[in-house]
Amino acid sequence: MASSRRTKIFIFSSSFALIIYLIRRYRRYLRLKKFFKLVQSQKKSLMSITLSSSIGINKRFFNQLLVIIKILIPRLRSDSFVLFVTHLTALISRTFLSVYIARLDGAIVKSLVQRNPRDFIRTISIFLTVAIPASFINSFIKFAESKLALAFRSKLTRYAYDSYFRNQTYYRISNMDTRLLTPDQNLTDDIETFTTTLTHLFSHLTKPFFDIAVVSWTLVVMVQEKKRARGLKEVPILTIMVIFMTFLALRKLSPRFGKLVSEEARRRGLLRFAHTRIITNAEEIAFFDGHEVEKDWILKLYYQLREQTNLIIKKKLWFIMLEQFLMKYFWHSCPQKHIILNGMNSMVIHALCILGGMVFIAIPILTYDGSGETDDPIGDPLGISSRTEAFTVSKNLLSSGADAVERVISSYKEIAQLAGYTNRVYTMLQVFDECAHERYQRLPTIVGEDSYIEAKRKVNLNPQGGRTIESDADIIAENLPIITPNGDVIIESLSLKITPNMHVLITGPNGCGKSSFFRIVRGLWPIYSGFLHRPNPSNFFLIPQRPYMCPGTLRDQIIYPHRMGQARINDNHLMEILNNVELQYIVQREGGLNVERDWKDILSGGEKQRLGLARIFYHKPKYALLDECTSAVSIDVEGKIYERVKKLGISLLTITHRPSLWAYHTHLLQFNGDGEKERAESQLAGIPEIQRRLDELTQLLGEDITDDQN
Ligand SMILES: Nc1ncnc2c1ncn2[C@@H]1O[C@H](COP(=O)(O)OP(=O)(O)OP(=O)(O)O)[C@@H](O)[C@H]1O
C-alpha cells in the first residue's frame with residue numbers, strides 16, 4: 001500500500017518536473033525563435049548577396065586557387081618555392097621510408113619464424129638505425145609545413161597590403177564600396193586560415209597519393225604473378241570503381257562546407273568589428289551608460305555566429321557518419337580469418353580485404369588453384385616463412401594503402417572548406433583591385449540584426465563620366481556635381497575658380513556637402529561628370545575636426561605623414577612650429593620631442609586640434625583645407641594661428657560655423673543646402689560682399705555669436 005503511494009508520488013513529481021522542464025524549454029524556444037526571426041529573413045537575402053555564386057569544389061575554386069598560387073609562388077627562385085620543394089622531398093622520403101620499414105618488419109617476422117637469431121639481430125639493428133632518420137623526417141615534415149605556411153602567409157599578406165594601401169583603397173573599401181565589411185579580418189584571420197589550411201592539406205594529401213601509387217604498383221605486380229586465379233584483373237578495376245563511387249556518393253551527399261565556413265568567417269568578422277567599435281567608442285558609451293544596448297548588439301552577433309557554428313557541427317555529424325559507414329564498415333567488411341584458413345595466398349587476400357570488400361575478394365579466392373611457393377625447399381618446404389614475410393609486408397603496405405584512400409576521400413570536407421577560405425581571400429583581392437580602379441559596388445548590406453543600408457541609386461554611378469585635370473595652382477570646377485558614394489546628389493552642378501591668393505570661407509547648413517567638396521577636391525570621391533582642374537594632391541593638406549594621432553613620438557605627430565628619416569627640419573624648427581600653435585609647453589610636460597605616448601588619450605580636444613594645425617606649418621602646402629578644425633581652440637589662439645598660416649603664403653579653405661573666422665578670409669563660398677540636398681548654390685564674392693553675408697550669417701548663427709561674445 002505504502003509502496004504504491006510512494007510510486008504514485010514519484011510518478012506525479014517526475015511528471016510535474018518533466019512538464020516544468022518542457023514548458024521552460026518551449027519558452028526558451030519561443031524566445032529564440034523570435035530572436036532569430038529577423039536573422040532568418042536577413043540570412044536569405046544575405047545568401048543571395050554574398051553566397052549567390054557557388055562556393056565549393058568546382059572549376060571556379062580551382063581557377064581562384066591558381067590565381068592565388070601564382071601570388072604565393074611568383075618565381076621558381078622564390079623562397080616559398082624552395083620551401084615547397086623541401087617539404088615535398090621530405091614527404092616523398094617518408095613514403096619510401098615507410099615502404100622500407102614495412103619490408104624490414106617482414107624480414108624481422110621471417111627471421112623469427114625461421115628461428116634465426118643472427119638475422120633477427122641484424123634486421124632489428126637496421127630497424128633501429130633507420131628509425132633515427134625516420135623520426136627526424138617526421139619532425140622535419142611538421143617544421144617544413146609550418147615554414148611553408150608562414151612563407152605563403154607573408155607573400156599573400158605583402159601582396160594584399162600593397163593592394164590595400166594603393167590608390168587609397170583602404171578608404172574606398174569602407175566608404176565607397178560595401179562588399180567587404182571587415183577588411184581587417186580578411187587581411188589577418190582569413191589569410192592565416194587560408195595559408196594554414198592549404199599547406200596542411202598539401203601535407204595531408206601528398207603522402208596518401210604516394211602511398212596509393214606504391215600500393216597500386218604492388219597490386220599490379222601481384223596480379224601479374226598470380227596467373228592461376230581468375231578475376232584478378234577485374235577485381236582491381238572493380239575496387240577502383242568502388243572507391244570512385246564512394247567518392248561520388250560523398251560528393252553528392254556532402255553539405256556545402258565551403259559556403260558554411262565562409263559564412264561562419266563572415267559572422268566572426270562582424271562580431272570582431274562590434275568589439276572594435278566598443279573599444280573605439282568606450283568613453284562615449286560609458287558616459288551614456290549605453291552598455292546594455294552594446295551588450296544586446298554584441299550578443300545578437302554572437303548568437304548569429306553560434307547558430308552558424310551549430311549548423312556546421314550538425315551537418316558534420318551525419319556526414320562523418322556516412323563517411324565512416326562507407327569507408328570503415330563497407331570497405332573493410334571482409335572475412336579475413338575465414339579466407340586465410342582456406343589456405344589462399346595471403347598477400348592477395350589481404351590486399352583485397354582492405355581495398356575490395358567481401359564480394360570482390362570472393363572472386364580470386366574461390367578461383368585460385370595454385371600451390372604454395374617456397375624459396376627454401378629443404379628448410380621450409382611449404383614456404384611458410386616466405387608467405388608469412390609476404391603477409392607482414394603486404395599487411396603493412398596495404399594498411400597504409402587503405403588508410404591513404406580513406407584519408408584522401410575523408411579530406412573532401414577539408415577541401416570544401418578550403419574552397420570557402422579561397423573564395424574569401426580571392427574576393428578580398430578582387431575587391432581591392434576593383435576599388436583601386438574606381439569600380440565600386442554598393443550592395444544592400446547587413447551590419448547587424450536590424451539595420452539595412454540600402455543603396456539609393458539616384459544616379460547611375462559612372463566614375464569615368466567626369467574628368468580631373470592637373471593644373472599648376474588653381475582649383476577650377478566646371479559643372480561638377482557632388483554625389484555621395486550612395487548615389488545621393490548633394491549638389492547638381494558646381495562651377496567655381498579658386499586661385500592661390502584667395503582665402504575662402506565655406507559655410508552652409510549641416511549635411512549640405514561642405515566636407516564632400518573637400519573630398520572631391522582631394523580626390524577621395526570620384527567625379528561623375530563635369531571637369532575638375534586642381535594641382536597635384538601633394539599641394540593640399542587637410543585638417544579635420546578630430547585630427548588623427550598616429551602611433552609614435554611627439555615629433556612623429558608634427559611631421560605626420562612623414563617619417564623620422566624624411567623629416568626636413570631640426571628640433572629648433574619643430575619648437576618654432578609648436579610655438580606657432582601655442583603648444584610649446586607640451587614638450588616640457590610630456591618629457592621631450594622623442595617621447596612616445598598614446599597621444600589620442602593624453603591630449604585634450606583643443607590640444608589635439610592645435611597639434612593637427614602644427615602639421616600645416618611643417619608641410620607648408622599650397623592649400624590648407626580646414627574642416628572645422630578649430631572648434632575646440634580658444635578664439636584668441638585660433639586667430640593667431642590663422643594669421644601665422646597666412647603669413648606663410650598658404651591659401652585657406654575653411655569650413656566653419658564660427659563668424660569670428662570671417663576676418664581671416666577674402667572670399668565666401670556659401671552652400672545653400674535647402675534640406676533636400678538636391679539644390680545648392682555657390683558663389684564667390686569679394687570682401688565687400690562678405691560684410692553683407694556676415695550680417696546675414698550673424699542672424700542665422702545668432703546663438704553661436706552670443707556664445708563667442710560671452
Ligand atoms: N561616406 C559616405 N557615404 C555616403 N554618404 C555620405 C558619406 N559621407 C557623407 N555622406 C552624405 O553626404 C552628405 C553631406 O555630407 P558632408 O560631410 O559633406 O556634410 P557637411 O556639409 O560637411 O556637414 P557638417 O556641417 O555637418 O559637417 C551627408 O548628409 C551624408 O548623407
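Reading guide: rules and limits
Residues numbered from 1 in each chain as written. Predicted model: local features only at pLDDT ≥ 70, side-chain atom pairs only at ≥ 80, totals over all residues. Heavy atoms only, no water. UniProt positions renumbered as here; feature names shortened; annotations may be inferred. Helix = DSSP H or I, 4+ residues; strand = E, 2+ residues; numbered from the N terminus. Buried < 20%, exposed > 50% of the residue type's maximum accessible area, 1.4 Å probe, protein only. Contact = heavy atoms within 4.5 Å. Areas by Shrake-Rupley, 256 points an atom, 1.4 Å probe, with all protein chains shown as cover. Pairing = 2+ DSSP bridges. Axes fitted to C-alpha atoms, helices over the stretch in contact; angles between N-to-C directions. Near = heavy atom within 4 Å. Polar contact = N/O pair within 3.5 Å; in protein donor to acceptor, adjacent residues only side chain to side chain. Phe/Tyr/Trp six-rings, centres within 6.5 Å; stacked < 30°, edge-to-face > 60°. Salt bridge = Lys/Arg side-chain N within 4 Å of Asp/Glu carboxyl O. Parallel < 35°, antiparallel > 145°, perpendicular 65-115°, else oblique. Left-handed = near helix turned anticlockwise from the far one by under 90°. Nonpolar A, V, L, I, M, F, W, Y, C, P; charged D, E, K, R; others polar. Expected span 1.5 Å × (residues − 1). Core = buried A, V, L, I, M, F, W, Y, C linked by side-chain atoms within 4.5 Å. Domains from an automatic or database assignment.

Looking at the Sequence similarities (unreviewed entry) heading of the UniProt record, one finds this comment for the protein chain: "Belongs to the ABC transporter superfamily. ABCD family. Peroxisomal fatty acyl CoA transporter (TC 3.A.1.203) subfamily."

1. Re the overall build of the protein chain
Within the protein chain, the secondary structure is distributed over 24 helices and twelve strands. Considering the protein chain as a whole, with its 710 residues, one finds that 45% of them fall into the buried category. Nonlocal contacts in the protein chain, meaning residues at least 24 apart in sequence, comprise 77% of its contacts between residues at least 6 apart. Entry remark: accessible area of the protein chain is about 38100 Å², with carbon and sulfur atoms responsible for 59%.

2. A short note on unusual backbone geometry
The step from tyrosine 560 to proline 561 runs through a cis peptide bond, and the omega angle for that step is 10°. For proline 561, the position within the fold is in the loop between α17 (554-559) and α18 (571-580). The backbone of asparagine 167 sits at a positive phi, close to 50°, despite the residue not being glycine. Here asparagine 167 is to be found in the loop between α4 (117-164) and α5 (169-175). Residue classification places asparagine 167 among the partly exposed positions, given a relative accessible area of 43%.

3. Observations regarding the sheet that holds strand β3 (residues 467-470)
Read from one edge of the open sheet, four strands run β3-β7-β4-β5, paired in mixed fashion. Looking at strand neighbours, the two that pair on one side only are β3 and β5 (489-498), the edges of this open sheet. Pairwise comparison of adjacent strand axes, ignoring direction, gives a mean angle of 25° for this sheet. Relative to strand β7 (residues 531-534), β3 runs parallel, the two being bridged by four bridges. Bridged to isoleucine 469 within β7 is histidine 533. Along the sheet, helix α16 (residues 514-522) makes contact with β4 (475-483), β5 and β7, crossing β4 at roughly 120°.

4. Observations regarding the site of the ligand
Taken together, 18 residues are adjacent to the ligand, and Asn510, Gly511, Lys514, Ser515 and Ser516 come closest. Between glycine 511 and the ligand, the recorded distance is 2.8 Å, taken from a backbone N or O atom to an oxygen atom. Within the backbone of cysteine 512, a nitrogen or oxygen atom sits 3.2 Å from an oxygen atom of the ligand. Alone, the ligand offers 640 Å² of accessible surface; in the complex the protein occludes 73% of this.

5. As for the UniProt feature "transmembrane region" (unreviewed entry) in the protein chain
Listed under "transmembrane region" (unreviewed entry) in the UniProt record, and renumbered for this structure, are residues 6-24, 81-102, 123-141 and 347-368. In residues 6-24, helix accounts for 100% and strand for 0%; the two terminal C-alpha atoms are 27 Å from one another. Between the first and last C-alpha atoms of residues 81-102 the distance is 32 Å; the span itself is 100% helix and 0% strand.

6. Observations regarding the pairing of β7
Bridging between β4 and β7 involves three bridges; their strand directions are antiparallel. Opposite isoleucine 476, over in β7, you have histidine 533 as the bridge partner.

7. Let's talk about the side chain of histidine 533
Looking at the element boundaries, histidine 533 is found in strand β7. Only 3.1 Å separates the side chain of histidine 533 from the side chain of glutamate 478, close enough to count as a polar contact. Other than its neighbours up to four places away in sequence, histidine 533 contacts Ile469, Ser471, Asp474, Ile475, Ile476 and Glu478.

8. Let's talk about the packing of aromatic side chains
A complete count under the given rule lists 18 aromatic pairs for this structure. The interplanar angle of 75° and the centroid separation of 5.1 Å between the aromatic rings of tyrosine 164 and phenylalanine 165 together place this pair among those described as edge-to-face. A relative accessible area of 15% means that tyrosine 164 is categorised as buried. One aromatic cluster is present, formed by Tyr161, Tyr164, Phe165, Tyr170 and Phe432 through successive ring pairs.

9. Considering the pattern of salt bridges
Overall, the coordinates contain 25 salt bridges when judged by the stated rule. A salt bridge links lysine 413 to glutamate 414; the nearest nitrogen and oxygen atoms lie 4.0 Å apart. Taking relative accessible area as the criterion, glutamate 414 reaches 24% and is therefore assigned partly exposed. Residues arginine 597 and glutamate 590 are paired through a salt bridge, measuring 3.0 Å at the closest nitrogen-oxygen approach. Three or more residues joined by partner-sharing salt bridges are found here, namely Glu263, Arg266, Arg267 and Glu307.

10. What to know about the packing of helix α2 (residues 59-72) against helix α15 (residues 412-436)
Their axes nearest at 9 Å, the elements α2 and α15 cross at an angle of 60°. On the basis of the axis angle, α2 is oblique to α15. Seen along the crossing, α2 lies across α15 with a hand that is left-handed. Residues Arg60, Phe61, Gln64, Leu65, Val67, Ile68 and Ile71 of α2 form the contact with α15, whose own contacting residues are Ile415, Leu418, Ala419, Thr422, Asn423, Val425, Tyr426 and Leu429. For the contact of α2 with α15, the per-class residue count stands at eleven nonpolar, three polar and one charged.

11. Let's talk about the pairing of strand β9 (residues 623-627)
Summarising burial for β9: five of the five residues are buried, a large majority. Burial of β9 is two-sided: the residues Tyr623, Leu625 and Asp627 facing one way and the residues Ala624 and Leu626 facing the other way are all buried. Summarising the sheet, strand β8 (residues 540-543) and β9 pair through four bridges and their orientation is parallel. The partner of phenylalanine 541 across the bridge, within β9, is alanine 624.

12. Some points on helix α21 (residues 605-619)
Over its 15 residues, α21 runs 22 Å from end to end, which matches the ideal 21 Å to within 8%, given 1.5 Å per residue. Along α21, 14 of the 15 residues are buried, which leaves the element largely enclosed by surrounding structure. Just downstream of α21, lysine 620 is the residue with a positive phi angle, here 45°.

13. So, the nonpolar core
Core analysis: the biggest nonpolar cluster contains 78 residues, and Leu156, Phe194, Met428, Ile498, Ile506, Phe517 and Leu653 have the highest contact counts within it. Taken domain by domain, this core gets at least three of its residues from each of domain 1 (55-367 + 382-437) and domain 2 (461-701). Residues within four places of methionine 428 in sequence aside, it is in contact with Ala160, Leu180, Asn186, Leu187 and Ile191. Membership of the second largest hydrophobic core comes to 38 residues, among which are Ile543, Leu613, Trp662 and Leu668.

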